[in-house]
Structures are given as C-alpha cells and as structure tokens.
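Geometric and topological summary
The chain contents come next:
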Amino acid sequence: MQVFETLIKSRISCRNFSSQELKQEEIKTLIDAATWVPSGSNNQPWHFVVITGQDKLRSYSDAAKTAWLATLEDNPHMHQYEEYIRDPDYNIFYNAPALVIVYGNRESYWHVYDCSMVAYNLHLLAEEKGLGCCWIGFAHNILAEPAVKRGLGVPEQYELVAPVILGHPAQARSSESNPNPRKNFYINWL
Ligand SMILES: Cc1cc2nc3c(=O)[nH]c(=O)nc-3n(C[C@H](O)[C@H](O)[C@H](O)COP(=O)(O)O)c2cc1C
C-alpha cells in the first residue's frame, strides 16, 4: 500500500523526452493494463489510436497550433498559452516518440469518466516503468475533428477523451517527489 501511495504522489507530467522509441509491444502492454478500470455498466467504451514518430507528431502539433490561433477569441482558456502557441519551436507533444489517444463511445453514457480513468492508469503505469507521460489538452482541437478522426480510422460514434504522450524521460528526476504542491481543498464532513 505504501509503495502504491508513493507511486501516486511521485508521478509528474513529463515534458522532456529522449529520442528512444517505444516498441509497439510495450505500448500494447501498457494499454492492456490501463483498461483494468471500472466502467459504467461495464461497457468498456474505449477505442485507442497510437501515433508514433516525432515527425508525424510534429505535423499534428503544427496543425493544432494553427487551429488554436485561428480560434483564440472563442477559447478564452487558451489566452494564457498564446505565447507558447505562437512560438514556432514549441511542440505540443514535446518531441515524445508516441501518442496514445483514448476515444470514448458516446453511445455509452459514462464514456468520458471511463476513458479518463484509463488515461490516468496510463500515467501510473508509465510512472511505475520509469517512462514519462502527459495528457495533452492542446491536441483536443484537432484530434476531435471529424475529418482527422476519419483519417485515424476512428468510428464516428467515438469522441475524443484523452491524448496522452509516452516516452523515455530525457533526464533522470532531480527529485523523487512531485514538485507541484496540491492545493487546499474542502471536505464537508457530515
Ligand atoms: C485534461 C488535462 C489537460 C492537460 N493538457 C496539457 C497540455 O496541453 N500540455 C501540457 O504540457 N500539460 C497538460 N496537462 C498536464 C497538466 O498541466 C499537469 O497535470 C498539471 O500541471 C499538474 O502537474 P503534474 O501532472 O506533474 O502533477 C493536462 C492535464 C490534464 C488532466
């Protein structure tokens, strides 16, 4: 129990990757394990797309940045990131070698919750194996696009839930603990 709590508390989002690739089998093993989550009515409503290769991912990054810039006015939550998006060197996937995209079947009522748990499991499994992982919300605009989904072979009824990058961290951690302190929260004890 102590080991697992330590794992949860030491996980951090990784934004700096080495060029070492991940084998398809390694990614498949992580995805297999990540699907052992509860799901509403046990529907297990997920569909995965895996994109590997930094060049391919760079082109999706460029497309996402262009699309965000064109829609900044409609997306106030992106204003704080404008500087990053305008930076030609900024890659929203941080040169990770692989992206696992979790799509959820919208015909299944709880699909967003179910698929989010799978995405979090990927984070924990990556942490356990010494890999780096990060949910990339900046990719939501393009990966939810019907034309992009069609190109990726995603059935129409599946909607984007979680794009998660995976890879080997570029450098060893300076500390074993997560540097982002948790904010205070309220508990109403009744
Ligand atoms: C829904 C969601 C979207 C996120 N989008 C991004 C993103 O686009 N780019 C990024 O660098 N990190 C992204 N993150 C990672 C968060 O920034 C990170 O989890 C948060 O800063 C806390 O840090 P920690 O994960 O290291 O504890 C996202 C996380 C979540 C859950």
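It should be emphasised that the depicted structure is a prediction, and the values quoted were computed from it without experimental measurement.

Strand-to-strand pairing in sheets goes through backbone hydrogen bonds, with the strands running parallel or antiparallel. The antiparallel open sheet is built from four strands, whose spatial order is E1-E2-E4-E3. Where the open sheet ends on each side, the last strands, each with one partner, are strand E1 (46–52) and strand E3 (132–135). Strand-to-strand twist across the sheet, computed as the mean angle between neighbouring axes with direction ignored, equals 25 degrees. Bridge count between E3 and strand E4 (residues 158–167): four bridges; the pairing is antiparallel. When the bridges of E4 are listed, Trp135 appears paired with Val164.

Let's shift gears to the site of the ligand. The ligand sits among Ile12, Ser13, Arg15, Cys134, Trp135, Ile136, Gly137, Phe138, Asn178 and Asn180. The class makeup of the residues in the shell around the ligand is five nonpolar, four polar and one charged.

Right, let's get into the pairing of strand E2 (residues 98–105). Of all the eight residues making up E2, seven are buried; the element is thus mostly covered by neighbouring parts of the structure. Sheet topology places E1 next to E2; seven bridges connect them, and they run antiparallel. Residue Thr52 lies in a different strand from E2, and its bridge partner there is Ala98. Of the pairings in the sheet, the one linking E2 to E4 comprises eight bridges and is antiparallel in character. Its bridge partner lying in E4, Gly104 is registered against Glu159.

The phi torsion at Gln44 lies on the positive side, around 45 degrees, for a residue other than glycine. The topology assignment puts Gln44 in the loop between helix H2 (24–34) and E1.

What counts and what doesn't
Starting afresh in each chain, residues are numbered from 1 along the sequence in its written order. Note on the predicted model: pLDDT of at least 70 is required for a residue's local features to be given, and 80 or more for side-chain atom pairs to be given and counted; whole-chain, interface and lining totals, by contrast, use all residues. Pairing between strands is defined by DSSP: at least two bridges between the two strands are required. Secondary structure counts use DSSP, requiring at least four H or I residues in a row for a helix and at least two E residues in a row for a strand, with both numbered from the N terminus. What counts as an axis is a line fitted to C-alpha atoms, over the stretch in contact for a helix, and the angles between N-to-C directions run from 0 to 180 degrees. We call a residue near a molecule or strand if the C-beta atom, set from the backbone, is within 6 Å of it. For this classification, the nonpolar set comprises Ala, Val, Leu, Ile, Met, Phe, Trp, Tyr, Cys and Pro, the charged set comprises Asp, Glu, Lys and Arg, and every other residue, Gly included, is treated as polar. Whether a residue is buried, exposed or partly exposed follows from its count of other C-beta atoms within 10 Å of its own C-beta, namely 20 or more, 12 or fewer, or something in between, respectively; the C-beta atoms are built from the backbone.

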